[in-house]
Amino acid sequence: LQEVVFPSTLKYIEYGAFYGCTSLQKISFSGENNITTINQNAFDQCDLQGTLDLPNVYVISNYAFAGNKDLESVVLPATLQTIGEYAFAGCESLSNVQIGASKVKYGAYCFMGCTNLTQFPTINAALIPAGMFYRSGLTSVTIGAEVNAINEFAFTDTPLASITVEQGNTAFKVQTADYVLSAD
């Protein structure tokens, strides 16, 4: 099984639907893509490649795309509300993440091990969860105005060189040119 073509009437992809389908490289749609929910482990440990465009998704659950080592790009809409724990963990080729939503709830370790992910859209969530970018390739990050907590290991083992705190953030500030981040 290398490709799955979904009908435009499909709204949910259920728990573990394609878990471990190591030959699955592509998902496409016979018409409009109306997927709103991708449940836990739906495409965990598959071999999805190229760009994943999910124009109507609200929820990407835990481990939904974990271990897709050849996935390069993800395009997510303004309707996105949640990216679950470990959702894209181990997606080593992931180098581009586009998120149209202004505020998203992120799960712990959601981009862990994404070694080619060097940049990320402004993070504007109340919380940057534990290990969000653990062992990723992140070199720069912008902390949004609404972030008021950063949990343990969020940026551990990354080559992070630049931190920007968005104007209006009252919880954090960059203290010096050396990018020391502190609670305000």
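Reference entry: report on the structure contained in this document. (Residues numbered from 1 in each chain as written. Predicted model: local features only at pLDDT ≥ 70, side-chain atom pairs only at ≥ 80, totals over all residues. Heavy atoms only, no water.)

1. Things to note about the nonpolar core
- Core analysis: the biggest nonpolar cluster contains 52 residues, and Phe43, Ile83, Phe88, Tyr106, Phe111 and Phe120 have the highest contact counts within it.
- Contributions of two or more residues to this core are made by β1 (3–6), β7 (71–76), β9 (96–99), β12 (140–143) and β14 (162–165).
- At 3 residues, β7 tops the list of elements feeding residues into this core. (Core = buried A, V, L, I, M, F, W, Y, C linked by side-chain atoms within 4.5 Å. Buried < 20%, exposed > 50% of the residue type's maximum accessible area, 1.4 Å probe, protein only. Helix = DSSP H or I, 4+ residues; strand = E, 2+ residues; numbered from the N terminus.)

2. Structural notes on the packing of aromatic side chains
- Scanning all chains against the criterion turns up 14 aromatic pairs.
- Judged by centre distance (5.9 Å) and plane angle (70 degrees), the rings of phenylalanine 6 and phenylalanine 18 are edge-to-face. Linking phenylalanine 6 in strand β1 with phenylalanine 18 in the loop between β2 (12–13) and β3 (26–29), this pair joins segments that are 12 residues apart in sequence.
- The exposure class assigned to phenylalanine 6 is buried, which follows from its relative accessible area of 6%.
- For phenylalanine 18, a relative accessible area of 15% translates into the label buried.
- Ring plane angle 5 degrees and centroid distance 5.5 Å describe the contact between phenylalanine 88 and phenylalanine 111, whose orientation is recorded as stacked. One end of the pair, phenylalanine 88, is in the loop between β8 (82–83) and β9; the other, phenylalanine 111, is in the loop between β10 (105–106) and β11 (127–128), and 23 residues separate them in sequence. Here the two residues phenylalanine 88 and phenylalanine 111 agree in accessibility, since each one is buried.
- Chaining the aromatic ring pairs together yields one cluster made of Phe6, Phe18, Phe29, Phe43, Phe65, Phe88, Tyr106, Phe111, Phe120, Phe133 and Phe155. (Phe/Tyr/Trp six-rings, centres within 6.5 Å; stacked < 30°, edge-to-face > 60°.)

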